[in-house]
Amino acid sequence: IEAIAQALRYGVHAQARALRLRQSQAVAVVLPRGPHPGPGLTDPFSMDLLGSVADALSAQGGHLLLLRPDVLQADALAREVETGTASGLVIVGQGQPQAQQAQLAALAAHGVPFVVWGAPLDGQPYTTVGGDNLVGGRLAAGHLLDRGARRVLFIGDLRQPEMALRHAGYLQAHRARG
């Protein structure tokens, strides 16, 4: 039977298998568009992140699924996992704390396996991974100040957790240099 299946180039339909088992070899990377412009697909950070996730999944026999919702909706994202389309989610960014925090908390309450790329927030019921934004802001501002800059401008939406931490690091660098 196996020889005949191989000769006829028969293979298991991956989507049908995922639906039957309610399990997928795909991980969905959620890169929300949101009401405020953020990193798009042409942004070098986004492309590097997507490439790294795709490489890691490929090494394990998995696949990357890209989702670009206008806003995060816990129910819609939960369905991606519940229907077997994806086995888990990587959500890039947390957006405005109050708007997206409620959706992320609801997603955690659904028991959906996911991780958020962003800054950790007090009391969050989910896991975040990412760079050290506080140290990054301090290093960037310190680098400019050490090279003689005296009027360093910080541009960013301080309502976003990552930006708020970068700004705090920016202020630390200025305080450290008087």
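Residues numbered from 1 in each chain as written. Predicted model: local features only at pLDDT ≥ 70, side-chain atom pairs only at ≥ 80, totals over all residues. Heavy atoms only, no water.

A count of helices and strands for the chain gives 7 helices and 5 strands. Sequence-ordered secondary structure for the chain, helices as α and strands as β, is α-α-β-α-β-α-β-α-β-β-α-α. Every one of the 178 residues in the chain was classed for burial, and the buried ones make up 32%. For the chain, the share of sequence-separated contacts (at least 6 apart) that also reach a separation of at least 24 residues comes to 66%. (Helix = DSSP H or I, 4+ residues; strand = E, 2+ residues; numbered from the N terminus. Buried < 20%, exposed > 50% of the residue type's maximum accessible area, 1.4 Å probe, protein only. Contact = heavy atoms within 4.5 Å.)

With that out of the way, let us pick up the pairing of strand E1 (residues 26–30). Burial analysis of E1 places 5 of its 5 residues in the buried class, which makes it a mostly covered element. When E1 meets strand E2 (residues 63–67), the two strands line up parallel, connected through 5 bridges. What sits directly across from Ala28, in E2, is Leu65. Bridge count for E1 against strand E3 (residues 88–92) is 4 bridges, and the pairing is parallel. By the bridge assignment for E3, Ala28 is matched with Leu89. (Pairing = 2+ DSSP bridges.)

This paragraph deals with the sheet that holds strand E5 (residues 127–129). An order of E2-E1-E3-E4-E5 is seen for the 5 strands of this open sheet, with the pairing classed as parallel. Where the open sheet ends on each side, the last strands, each with one partner, are E2 and E5. Here the strands of the sheet are splayed against their neighbours by 25° on average, with no regard to which way each runs. Sheet topology note: the strand E4 (residues 114–117)/E5 ladder contains 3 bridges and is parallel. Within E5, the residue paired with Trp117 across the bridge is Val129. (Axes fitted to C-alpha atoms, helices over the stretch in contact; angles between N-to-C directions.)

Another aspect to go through is the nonpolar core. Formed by 17 residues in total, the largest nonpolar core has its most connected members in Val30, Leu77, Leu89, Ile91, Leu104, Leu107 and Phe114. The set of elements that each furnish at least two residues to this core consists of E1, helix H4 (74–82), E3, helix H5 (97–109) and E4. For this core, the leading source of residues is H4, giving 4 residues. Counting residues in each nonpolar core, the second largest holds 10 residues, with Leu49, Val53, Leu57 and Val115 among its members. (Core = buried A, V, L, I, M, F, W, Y, C linked by side-chain atoms within 4.5 Å.)

Below, the discussion takes up helix H6 (residues 133–146). The end-to-end C-alpha distance of H6, which contains 14 residues, comes to 19 Å, matching closely the 20 Å that a straight helix rising 1.5 Å per residue would cover. Within H6, burial applies to Asn133, Gly137, Ala141, Gly142 and Leu145. End-on, the buried residues of H6 take up no more than an arc of 160°, which puts them together on one face. Turned more than 90 degrees away from the buried face of H6, the exposed residues are Leu139 and Asp146. Contacts made by the buried residues of H6 are with helix H7 (161–176). By the N-cap criterion, in which a side-chain oxygen at the helix start approaches the backbone nitrogen of a residue two or three places on, H6 is capped by Asp132, the distance to Leu134 being 3.3 Å. (Expected span 1.5 Å × (residues − 1). Arc of directions from axis to C-beta. Polar contact = N/O pair within 3.5 Å; in protein donor to acceptor, adjacent residues only side chain to side chain.)

Tallied over the full model, the rule gives 3 aromatic pairs. Consider the rings of Phe154 and Tyr170, whose centres lie 5.5 Å apart with planes at 55°: the pair is tilted. With a gap of 16 residues between them, Phe154 in the loop between H6 and H7 and Tyr170 in helix H7 connect regions that are remote in the sequence. (Phe/Tyr/Trp six-rings, centres within 6.5 Å; stacked < 30°, edge-to-face > 60°.)

Take the side chain of Asn133 next. Summarising the element assignment, Asn133 is placed in helix H6. At 2.8 Å, the side chain of Asn133 and the side chain of Arg166 are in polar contact. Each residue touching Asn133, except ones within four places of it in the same chain, is listed here: Ala119, Glu162, Leu165 and Arg166.

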